[in-house]
Amino acid sequence: KLFRTAIKTSITHYIHFGDIHKRTGQVSINKAGYCHRITMTNDSSYESDLDSTLSEGQYSMYDEPKSRMVEGATVYIRDQFYSWIPATIESPEDDKKTVKVKVSLPRDWEEQTVKSTLRGSQNMKMERVVKLSDYKNDELPLQNLEKDGVTAVGKNDIADLENLHEAAILYNLKRRHADSQPYTRVGDILVAVNPFHWIDGLYSEEKQGFYAKNLIWSTQPTDPSSTPRRNSALATAAAEKKALGYEYEKLGIDPHPYETSSLAYLGLALEGNDQTILVTGESGAGKTETIKIVMNHLATVERSRPLWPESDRKATSGHGSETINKILQANPLFEAFGNAKTVRNDNSSRFGKFTQLQFDVESVEDAAKEGRAVPSCHLAGSKCITYLLEKSRVVSVAEGERTFHIFYQMLGAPDDEKQKIWEGLMGSETSDFSYLSKTSTSIDGLAGAENWPDTVAALSVFGVHGDAFLNVMRSLCVILQLGNISFDVELHDGEERAIISSREELDKLSSLMGVPAADIETALTMRFMNTRGEEFTIFLKENEARDGCDALAKEIYARVFDLLVTKCNEATEPQGLPSDDLRTISLLDIFGFESFKVNKFEQLCINYANERLQQKYVIDNFQAIKLEYEEEGVNVFDFSLIDNSEVMHLLEGKLGLITQLNEECIKKVGGDENFVYKFKVVNSDSNRMIQDPLHRPYEFGIRHYAAPIKYDARMFIERNLDKIPTDLLKCACQSTNPLIREEFQQMSNKLLEVPKPGGLKKRSEATKHLVLTKFKTQLTSLMSLIEKSRTRYIRCVKPNKGMKPRMIDHPHTVSQLESAGLVTAIVISRESFPNRLTYELVMERFKFLTYKFDNCHLNSGDVKVDSNTLLSNLLSGITADSHLGRVAPFSCGKTNVYFRAGALELIETIRQDYYAERAIQLQALIRSLQTRRRFLTLKRGMIRFQAEVRCWLAQLVFKRTVQSAVTIQCFIRKCLARKELVRRRNNHASTVIQTRWRGMQPRVEFKAICKAVVVLQCVVRVMLSKKAFALKKKEREEQRAMDSRMSVIQQTFDDATTVQGTVFSVDEGLLDEVETMFEFLRKEIVVLRKKNTKLKKELAEAESDKREIFNHASSVDHAFSLAKIRNEQMTKANMALLDDNNSRRKEVNNLKNELKTQQQAHEAQLQEMRSEFEMALRHREVELGTIQQSLRSSDLLHKREMQAVRDEAERKQEEHYSQISRLREEIKTTQNSHQDYLAKLMGVLETTQESRRNVVAPSINMILSKKDDEIDELRDEVARLHQSRGSEGNGDNDEARKEAAKSMKYIVKKNRENRKSQVRQLSTLTSQLEESLGSGDLSQMQKIIASMNETIKTGEMANSKMDREVVNMIDNPVLYSSEGIANADAALVAENKKLRRKSEIKVSFACKKCGYEENGRKGLERGISRPGMMRQSAGRSLGRTLS
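Residues numbered from 1 in each chain as written. Predicted model: local features only at pLDDT ≥ 70, side-chain atom pairs only at ≥ 80, totals over all residues. Heavy atoms only, no water.

Novice: Can you walk me through the overall build of the protein chain in this structure?
Specialist: If you tally the helices and strands in the protein chain, you get 46 helices and 28 strands. Considering the protein chain as a whole, with its 1443 residues, one finds that 39% of them fall into the buried category. Within the protein chain, contacts between residues at least 6 apart in sequence are counted, and of these 70% link residues at least 24 apart. Entry remark: accessible area of the protein chain is about 83,100 Å², with carbon and sulfur atoms responsible for 54%. (Helix = DSSP H or I, 4+ residues; strand = E, 2+ residues; numbered from the N terminus. Buried < 20%, exposed > 50% of the residue type's maximum accessible area, 1.4 Å probe, protein only. Contact = heavy atoms within 4.5 Å. Areas by Shrake-Rupley, 256 points an atom, 1.4 Å probe, with all protein chains shown as cover.)

Shown next, in the form of structure tokens:
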């Protein structure tokens, strides 16, 4: 156990070099696409398993195979309709340049793949021949499959895929999307695929608590001083892996936005650094929902702290404080005013939003005093910055789209609330307003009457209630009413003028705005201009008036939106806390890269913002790595794949797109086509500019980092100016609506501060108000905020355009992956070096492995050389994929050794094997000693153990015997009982009949006996009654006699006592005796009466019993008669059943006879059918032969038709070529017209060119003389080189010749660059001179002319053809041998003359344009010889121009 623990400790010490799974105990090592495994179990079989593993050699140094394109390999191939489809290689072709594959679609292809409109899976070509040269490294991309070899893997982290390429990324996302797992990692980037359906439990409070508990509250602060210096590299590697998510795999944490928000919260709490989460993606990818999910988690994460009181937790279940509630309530408000339905998304954000959540962060020291490992971060406030609101959606939307949700919510409000806002809304619908009548139908749950209360409640949270609420809603009503204004055309003196035809709508607008109708009509249909103190009235045309009306509507909505943003920021501003003490977590929700069929100004701004974000992404992820590799001298990956600095220079450079467009905007006569022409000419040398001769004059193309885009520059200048006419601005300032009046007054004040375009100093001020300039300033500020923070990325992907759950549209998804730069980023990450070690650490850890190699000697004394030798032997035969092909798995820098993915893990596995072998030897010795001690103890207890075992076995045998006997008995009893049961079931009917029959006679006898008993009972009762009656009669008679006797005696006694005067004597004793007798008799009478009463009761009871017995007897008689009737019925039913049974038997016999007859007939019919089938088969064979013959003839006919089609195609192709040539001629004609147009534009320079000719001519002569001297020097140098070559041979002279050639190339190249820069300077000065001529600024004109003269004097006008000839002469001296020197000199002289002629023609170009009939050298000589005439002409021309 001791040594086993030591082995495990040594392995887990370097656990960061491989992932050891706790359950299976396997170490997975990735090596350039291959997998090596070492089995290490944790049970008692550990030693034997490890020993067998090492002895069998499960791990070995695999040599790189020659080709992985073998039969049966599962690969991906490109498809025109589905981008990538899975296939299996059937057989490589003989030329080894092509392979034959068979498309193998998975079973769930139809359920998970959006069917192409051009081709489905049914008509897909399944067998194909693929050219390997069309793929990288001449290999098809391999699939990543599960153990079943059919199902594609679905890794949490795309970087963990064994075969990493575009197809693997696509199918990994597809698998996870089908399994309702919408989130995937790419390192520290989160890819979110919109699931388009609600997933239960994915965003529950339990899930929030899980991520907060495992990523935030379980974090323990580390002490840097406790980490030894020796393991610093290892700690760095472990930290890198943890940052990339490897530790999360062990904790069972899946990718989720809660992971990103938790890590941002943790970084804010522990490091105190600001955090930024960038969420990008196209419309419909789920950016808005992802932002809401992250924001909700960040707002409530603090209450998930384990030490948080339960009472406070329950109290804050409604999102806690008022500040948190306000921050979360801003989401429905922005959705109502900033979201709309598009063809791609029902709830698309039509603006960019940068939200800063401001936290009050506790210091680490204070948290430690309170016993908290993670400091608390309380949400104190927020700030929101918006970009590029699509306000044009207010006045015009595409088919199938809608304007902003707030308009539909307002129209769906109750009528009483509508009446408070404006009476014109009562009973109105979308069809009543022009801006809404063309929009699509409603959206469930997003913009309707049910959302109106939520929007009103959100507005009230931010203080927009009462009059302020009414002002906002009435401003929206003004916008709707502006759309209802219709214009008509009126002719006045032959001139078309716009008039308002809808007077009723105008009156409604007037009442809404509080401006007289006449003033509104004047502002919409007229323009007033002041020129030299005079005011002119310009009557607008119908389309111009409509454009002005729309411009006012758009500006009102933009002002309302900006006001609400300001209200939100004011309501959520931190109270009582300085902003410098707060830390922020920022969330950026902005449009993704957009490419449509027609790309306008909005797409240019969006793609420009994405280029800036891509630049930030490149700097964050690759710039530091590139600099480190360059400092170390390591081969750098192809950085141009992701570097977009050239695009940014094309957009933001001094002569870039923004500058050119701004200059055209501040011109009085600027145009879109002029902007495109200048932009193409100035940036013609940029490889990011698409030079397509088929472009129209207003089209240009740019190669963005994601894809090349062609832009339509029409309306660029108008969109960039984004200004509202002054008359409309004044009209809006008169409105009684406080919101409209105040906002437009502020806008008017800002416009008054803008200087008019004029000189160079005022130009920068004049371009500040332009849209692109303001947007560039906003982006610069945004980038500065992001650069100060730790940035995290969430890339949202829209899987299909139909918003169907669990389905992927391959081409659409691949285009988004390319636009997001994920494919390129992952490939470059693979090509980089994820691990690095110092040379000393390499030797310390791996030097002892030299025993594996015979010729590996590490005694050079240089640690770098020894390290390179050691690693070359350890990684012999192993290569890795790269854009350069197959490369080495490591690279040696100046101070570190850099390892590609899997290389360091492979060496660490070899090192672990060495330690495992030594540990096994020690374990064998210890085990032998322990076994000997155990043997003695076991021997003493063996006999007793055997006895007990034998006893136990005997008892077991006895129990089994008894159990067997009992089992046999049970079985026999069961058989007997089953037999008895069968017998009883068979005899059940007869037994029932017998029972009934046998029961009839006893019942009859019982009834007779019962009747006899009743008669006897009656006789006996009569006799008993007579006796009782006689006794009672006798008693009654005796009692009556006694009573009469007593009465006589009493009478006698009374008579004796009442006779007066009679004297006789009465015996007293007799009297007493008589009284006693009377008393006795009275008592006896009482007793007898009681007995009499009792006997009467018993008689009554006997009578009742008699009646009950009589009733019972009668019921028994009735039951007996009923049973008799039922018996007779059952007897009849039994007879009927017997008759039915006999008839059924007869029918069965008849059916059997009929069946035999039908079988015989069927066999006869079957035989007849067989004969008919054979005859039909022979007939079909004859017909098949006929069809084959007709098929051959039709095949010949088809070939003839195909040949005719080919001839027709060739004819069409020739016609196409003729059309192309005609188009080329038209293009040339168009170019000539453009040149003529340019010539007209250059006409404004006539006076300037004439006035400076006297100055230019000497400069030209000076330049020509200087060029002649340089040509002579070059000619002498060439001659010298040829002479030295002929005299000295091919020895050292070759080196001198090469050095001279290099010097000459450098001089020529430098001259060419100087000429290009001078041309650009002259173009800039020429445009400035045009502007000066237009403005009439003489001083500015003189300065510009002086600058041009100075540029011409100091410049150099060289001929590119002469430079190429000189370079060829130096590189190919054989062609210029000694006998060809004279020809070369003549060529140089000719080139010098051509140079003179071209320079003179260029100088006299302006002369030709200003009216001189002569050109060329003759015109130049005339101009030089007549300077006075030229000055006079220049003065006259300048005077005409100024007048």
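On we go from here.
Novice: How should the pattern of salt bridges be read in this particular structure?
Specialist: Charged atoms that come close allow side chains of opposite charge to pair. Throughout the structure, instances matching the rule amount to 33 salt bridges. Among the salt bridges present, the one from arginine 175 reaches aspartate 179, with a minimum N-O distance of 2.8 Å. For aspartate 179, a relative accessible area of 39% gives the class partly exposed. When the shortest N-O distance is used, the salt bridge between glutamate 664 and lysine 667 registers 3.4 Å. The two residues glutamate 664 and lysine 667 agree in class, both being buried. (Salt bridge = Lys/Arg side-chain N within 4 Å of Asp/Glu carboxyl O.)

Novice: Would you mind showing me how to read the environment of aspartate 108 here?
Specialist: When you line up the elements, aspartate 108 lands in the loop between β6 (98–103) and α3 (109–112). Look at aspartate 108 and you get partly exposed, because its relative accessible area is 31%. Distance in space between the C-alpha atoms of aspartate 108 and threonine 151 is 9.9 Å, their sequence separation being 43 residues.

Novice: Would you explain a nonpolar patch on the surface in this entry?
Specialist: There is a patch of nonpolar side chains on the surface, built from Ile968, Phe971, Ile972 and Leu976 and spanning about 420 Å² of accessible area. You can see isoleucine 972 is positioned in helix α35 (residues 942–986). By relative accessible area, isoleucine 972 is classed as partly exposed at 46%. (Patch = residues over 30% accessible without salt bridge, like charges linked within 9 Å, V, L, I, M, F, W, Y side chains within 5 Å.)

Novice: Sorry if this is basic, but what is going on with the nonpolar core here?
Specialist: Nonpolar side chains in soluble globular proteins generally cluster together in the buried interior. Ranked by internal contacts, the top residues of the largest apolar core, which has 73 residues, are Phe337, Met473, Tyr557 and Phe744. Counting residues per element, this core draws most heavily on helix α20 (residues 542–571), at 11 residues. Residue contacts for tyrosine 557: discarding those within four places in its chain leaves Phe337, Gly338, Leu389, Val394, Phe404, Ile406, Phe407, Leu476 and Ile479. The next biggest cluster of nonpolar side chains, apart from the first, holds 67 residues, and it includes Ile158, Leu173, Val193 and Leu721. (Core = buried A, V, L, I, M, F, W, Y, C linked by side-chain atoms within 4.5 Å.)

Novice: Before we go on, may I ask you to explain the side chain of asparagine 599 in this structure?
Specialist: Looking at the element boundaries, asparagine 599 is found in the loop between β19 (583–589) and α21 (601–632). Among all residues touching asparagine 599, those that are not within four sequence positions of it are Glu594, Ile709, Lys710, Tyr711 and Asp712.

Novice: What is the right way to look at the sheet that holds strand β5 (residues 83–92) in this model?
Specialist: Adjacent strands of a sheet form backbone hydrogen bonds with each other and so pair up, either parallel or antiparallel. Strand order across the open sheet formed by four strands is β4-β5-β6-β7, with antiparallel pairing between neighbours. Each having just a single partner strand, β4 (74–79) and β7 (127–131) make up the two edges of the open sheet. Pairs of neighbouring strands in the sheet enclose a mean axial angle of 50°, with direction left out of account. Where β6 lies against β7, five bridges are found, and the strand directions are antiparallel. (Pairing = 2+ DSSP bridges. Axes fitted to C-alpha atoms, helices over the stretch in contact; angles between N-to-C directions.)

Novice: What exactly am I supposed to notice about the packing of aromatic side chains here?
Specialist: Think of a pair of aromatic rings as described by two things: how far the centres are apart, and how the planes are tilted against each other in angle. Inspection of the entire model under this criterion finds 27 aromatic pairs. Consider the rings of phenylalanine 848 and tyrosine 914, whose centres lie 4.7 Å apart with planes at 45°: the pair is tilted. One end of the pair, phenylalanine 848, is in the loop between α32 (839–846) and α33 (863–874); the other, tyrosine 914, is in helix α34 (residues 903–940), and 66 residues separate them in sequence. Looking at phenylalanine 848, the relative accessible area reads 25%, which means it is partly exposed. Of the aromatic side chains, those joined through ring pairs into one cluster are Phe601, Phe675, Phe679, Phe700, Tyr711 and Phe716. Cation over ring: arginine 714 sits above tyrosine 698, and NZ or CZ is 4.2 Å from the ring centre. (Phe/Tyr/Trp six-rings, centres within 6.5 Å; stacked < 30°, edge-to-face > 60°. Lys NZ or Arg CZ within 6 Å of the ring centre and 35° of its normal.)

Novice: So what exactly am I meant to see when it comes to the pairing of strand β14 (residues 377–387) here?
Specialist: The side chains of a regular strand alternate between the sheet's two faces. Of all 11 residues in β14, eight are buried; the element is thus mostly enclosed. Pairing of strand β13 (residues 352–361) with β14, which is carried by 10 bridges, proceeds in the antiparallel orientation. Residue pairing in the sheet places phenylalanine 359 in a bridge with leucine 379 of β14.

Novice: How should the confidence of the model for the protein chain be read in this particular structure?
Specialist: Summarising the model, the protein chain shows a mean pLDDT of 77, and 74% of its residues fall at 70 or more. The low-confidence segment residues 311–320, where pLDDT is below 50, has 13 contacts with residues more than four positions distant or belonging to other chains. Predicted confidence for residues 1060–1064 stays below pLDDT 50, and this span has one contact to residues more than four positions away or in other chains. (pLDDT = per-residue confidence, 0-100.)

Novice: How should I be thinking about the sheet that holds β13 in this particular structure?
Specialist: Read from one edge of the open sheet, seven strands run β8-β9-β23-β10-β19-β13-β14, paired in mixed fashion. Among the strands making up the open sheet, the edge pair consists of β8 (183–186) and β14. Neighbour to neighbour, the strand axes of the sheet diverge by 20° on average, direction disregarded. Seen against the sheet, helix α8 (residues 257–270) touches β8, β9 (189–193), β10 (275–280), β13, β14, β19 and β23 (790–797) and runs at an angle of roughly 160° to β10.

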